[in-house]
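# Breakdown of the fold
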Amino acid sequence: MLRGIQYELIADHFWFFRQLEEDAEKGLVRYLTNLYEVKHHEKTPYDLVEFQSEVERQFTQDLDNNERVTLFVKLPAWFKVDTPIGPYNPDWAIVLEGDERLYLVRETKSTLDEEKRRKEENAKIACGRVHFETIGVDFDDTVSLKDVLAKLSTKDIQAA
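In what follows, the accompanying structure is described. (Residues numbered from 1 in each chain as written. Predicted model: local features only at pLDDT ≥ 70, side-chain atom pairs only at ≥ 80, totals over all residues. Heavy atoms only, no water.)

With respect to the secondary-structure elements, Asp 62 resides in helix α2 (residues 54–65). Since its relative accessible area comes to 25%, Asp 62 is described here as partly exposed. Asp 62 sits 82 residues away from Ser 144 along the chain, and the two C-alpha atoms are 8.2 Å apart. (Helix = DSSP H or I, 4+ residues; strand = E, 2+ residues; numbered from the N terminus. Buried < 20%, exposed > 50% of the residue type's maximum accessible area, 1.4 Å probe, protein only.)

Following this line, the structure appears as structure tokens:
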């Protein structure tokens, strides 16, 4: 099949190398503008954290600046939880003051209203919830660190 392929030059249709360079430059600029520079380096193994939305940028800044957070990691793209509907990559692993092990895994979203999110997104979050519950790790979706800490305080009060 490949032996029969022929290419023909079509007038005025070709790629300029400069156009490829410009596309690469735009991608690099977009990447560099989506990096948060960590202030408290003892809290994370990375100097820079890539964010994909304003919600993630704010969450990163809040994790970095909050005294209760002792360790946080934006989970890398290769960290996947297998689900019946495909792999799921949660956003964050967080350790809070007084804990010696991974305590929280969080998924940051711009809304908690499932009607405003894609069905597949909600299904993967639901699968992630069951996965992490099974291994004893607190998992939830959130829009802010403030909400995470408030929810945990409520759990602590109810447990007492």
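So much for the structure itself; the text now carries on.
In terms of nonpolar packing, the biggest core is built from 16 residues, with Phe 59, Leu 63, Val 69, Trp 92, Ile 94, Leu 96 and Leu 145 touching the most fellow members. With four residues, helix α4 (residues 145–159) is the single largest residue contributor to this core. Counting nine residues, the second largest nonpolar core, distinct from the first, contains Leu 75, Val 81, Ala 93 and Val 105. (Core = buried A, V, L, I, M, F, W, Y, C linked by side-chain atoms within 4.5 Å.)

The next thing to look at is the layout of surface pockets. Empty space among the atoms can be located by rolling a probe the size of a water molecule over them. Volume-wise, the largest pocket comes out at about 530 Å³. Residue assignment for the lining of the largest pocket shows that the elements contributing at least two residues are β2 (48–50), β3 (69–74) and α3 (119–134). Looking at the lining of the largest pocket element by element, the count peaks at four residues for α3. Residue classes in the lining of the largest pocket are distributed as twelve nonpolar, three polar and ten charged. (1 Å grid on protein atoms, 1.4 Å probe; cavity = no way out; pocket = protein on both sides within 12 Å on 5 of 7 lines; lining within 4 Å. Points joined across faces, edges and corners; volume = space filled by probe spheres on them. Nonpolar A, V, L, I, M, F, W, Y, C, P; charged D, E, K, R; others polar.)

A few words on the sheet that holds strand β5 (residues 104–108). The strands that make up a sheet pair up through hydrogen bonds in the backbone, lying either parallel or antiparallel. Pairing in this open sheet of four strands is mixed, and the strands run β3-β4-β5-β6 from one edge to the other. Lying at the two open borders of the sheet, with one neighbouring strand each, are β3 and β6 (138–142). Averaged over all pairs of adjacent strands, the angle between strand axes in this sheet comes to 25 degrees, irrespective of strand direction. Two strands pair when backbone bridges link them, and β5 and β6 are joined in this way by five bridges, in the parallel orientation. Paired with Thr 108 across the strands is Thr 142, a residue of β6. In the packing of α2 onto the sheet, contacts are made with β3, β4 (92–96), β5 and β6, and the angle to β4 comes to roughly 25 degrees. Lying over the sheet, α3 contacts β5 and β6, oriented at roughly 155 degrees with respect to β6. (Pairing = 2+ DSSP bridges. Axes fitted to C-alpha atoms, helices over the stretch in contact; angles between N-to-C directions. Contact = heavy atoms within 4.5 Å.)

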